[in-house]
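Here's the letter readout for the chains.
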Amino acid sequence: MFETEIRFSLLTPYQINETTLEGKQVAHLQNGKIQWNNQEYKELYFEPVHQSTSAFELYGVTIGINFHWERKENQQFQGALKLIIENNKITAINVVPVEDYLTSVISSEMSATASLELLKAHAVISRSWLLAQIRKNKETTASPHPCSARTNTALENIKWYDREDHIHFDVCADDHCQRYQGITRTSTNEVKQAIQATRGQVLMSEGEICDARFSKCCGGAFEEFQYCWEETSYPYLKKQLDRPGGSLLTASTTITCPDLTREEEARRWICSSPEAFCNTRDKKILSQVLNNYDQETTDFYRWKVSYTQHEIATLIKERSGIDYGDIIDLIPVARGTSGRLWKLKIVGSKHSCIIGKELEIRRTLSPSHLYSSAFVIDKEDISDGGIPSKFTLTGAGWGHGVGLCQIGAAVMGEQGYLYDTILLHYYIGASIEKLYL
């Protein structure tokens with residue numbers, strides 16, 4: 001949470017500067033410092049008197065930042081509260097033990113009533129991703145963050161957005177990293193059981209903790225890491241179908257994934273509805289993964305968006321800051337292994353440019369974010385001057401499609417697959433090892 005004023009309440013006794021206090025508090029930015037209790041500070045640290053029963057509440061936390069479900073809500077947390085100055089705003093930081101953090105993440109990323117095997121699988125990947133990220137941040141603290149544009153010219157603008165954006169804390173609490181909404185989302189005995197049963201367990205590959213990415217719905221085929229972020233190829237994040245026979249689940253009947261980097265294959269795939277674990281409309285299963293605001297999204301395995309010429313020209317100008325004029329064409333340049341575009345050429349009457357990677361494409365072609373960049377383009381009513389009056393994007397999946405597919409994993413859990421089988425389906429060739437007791 002980052003605001004010029006932060007309102008919060010200490011619901012149990014907290015200590016600061018050897019003083020114990022409770023109740024509602026207000027901190028606001030003044031003269032480049034934090035003003036609280038009529039005094040100015042560079043930072044504040046509220047430490048709980050009793051860690052196990054501690055609780056504080058932040059008012060008006062924005063969740064789903066820049067996504068179509070963005071909204072504000074009050075959230076409660078355990079652990080310590082730290083306030084710092086960052087980018088001319090006050091940033092609120094929750095300091096909390098790893099396993100307590102995971103209990104919240106599991107309940108925030110999905111319903112706490114999900115199947116035990118799904119909860120256990122998500123506990124392992126969330127722990128793996130967090131610990132891998134902390135190690136990576138320590139190694140690159142003094143280095144430039146690789147979220148900046150890889151190439152940025154008048155003709156090509158390729159960039160990605162990764163978790164290394166954060167300097168003063170390990171991870172943020174929103175979809176940019178992992179959803180972490182404290183104790184706001186109701187936890188259950190099953191969540192606590194999943195955390196305890198997998199305590200210390202992480203995914204490993206070649207002696208390193210796996211960068212265990214995950215998304216809502218892969219759309220039937222897995223994407224590879226390098227098509228979404230920096231040019232790094234991980235052996236456990238590889239091309240594969242999200243179905244029995246698409247992995248080591250049934251090695252004797254392995255089914256080959258079509259080459260979705262080819263335009264004709266991608267169109268055939270995206271415009272059909274192939275069998276996949278994540279190809280489901282079962283409300284009971286979806287409710288395990290999708291919180292209330294996520295369930296506002298009903299079409300995600302296959303979806304369609306249409307824009308008039310005026311709508312798409314205005315949208316691209318607003319989102320990119322570049323006046324392309326009339327949009328003449330959207331041309332696929334390069335696709336990843338799930339059919340997701342990582343390079344797209346926008347051809348306008350005033351300007352043309354190749355953009356990427358997948359999240360930049362999704363941000364540019366939507367008021368919030370497209371569900372994914374796995375889409376094909378159709379133009380209608382092209383004028384004599386070559387200007388289409390309408391563009392229709394037909395797409396597949398929700399999110400980047402790398403690593404675990406949450407909806408597919410939920411279906412696997414319902415079908416009786418154990419958590420280790422679920423994990424090794426999505427993280428190919430990895431192993432599950434216990435890092436600490």
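A.B. asks: Which residues make up the pattern of salt bridges, and what values do they have?
C.D. replies: Opposite charge on two side chains allows them to pair when their charged atoms are near. A full pass over the atoms with the stated rule returns 19 salt bridges. Linking R262 and E264 is a salt bridge whose minimum nitrogen-to-oxygen distance equals 2.4 Å. The class of R262 is partly exposed, set by a relative accessible area of 38%. Overall, E264 belongs to the partly exposed group, its relative accessible area being 41%. Through salt bridges that share partners, K159, E360 and R363 make up one connected network.

A.B. asks: Summarise the side chain of T12; cite the residues concerned and give the values.
C.D. replies: Assignment of secondary structure puts T12 in strand β2 (residues 5-16). One polar contact links the side chain of T12 to the main-chain amide nitrogen of A55, over a distance of 3.1 Å. Aside from chain neighbours lying at most four places away, what touches T12 is L21, E22, T53, S54 and A55.

A.B. asks: Explain helix α3 (residues 189-197) to me, using residue names and the numbers behind them.
C.D. replies: Within the sequence span of α3, burial applies to V191, A194 and I195. Angularly, the buried residues of α3 cover 95° about the axis, an arc narrow enough to put them on a single face. Turned more than 90 degrees from where α3 packs its buried face, N189, K192 and Q196 sit exposed.

A.B. asks: Please provide a residue-by-residue account of unusual backbone geometry, values included.
C.D. replies: Here the bond from G356 into K357 is cis, since omega is 0°, no more than 30 degrees from zero. Looking at where K357 falls in the secondary structure, it is placed in the loop between β19 (352-356) and α7 (358-364). Positive phi outside glycine occurs at E206, with the angle close to 50°. A positive phi angle is found at D381, which is not glycine, with a value near 50°. One can find D381 in strand β20 (residues 375-382). D381 sits in the exposed class, given a relative accessible area of 59%.

What counts, and where the lines are drawn
Residues numbered from 1 in each chain as written. Predicted model: local features only at pLDDT ≥ 70, side-chain atom pairs only at ≥ 80, totals over all residues. Heavy atoms only, no water. Salt bridge = Lys/Arg side-chain N within 4 Å of Asp/Glu carboxyl O. Buried < 20%, exposed > 50% of the residue type's maximum accessible area, 1.4 Å probe, protein only. Helix = DSSP H or I, 4+ residues; strand = E, 2+ residues; numbered from the N terminus. Polar contact = N/O pair within 3.5 Å; in protein donor to acceptor, adjacent residues only side chain to side chain. Contact = heavy atoms within 4.5 Å. Arc of directions from axis to C-beta.

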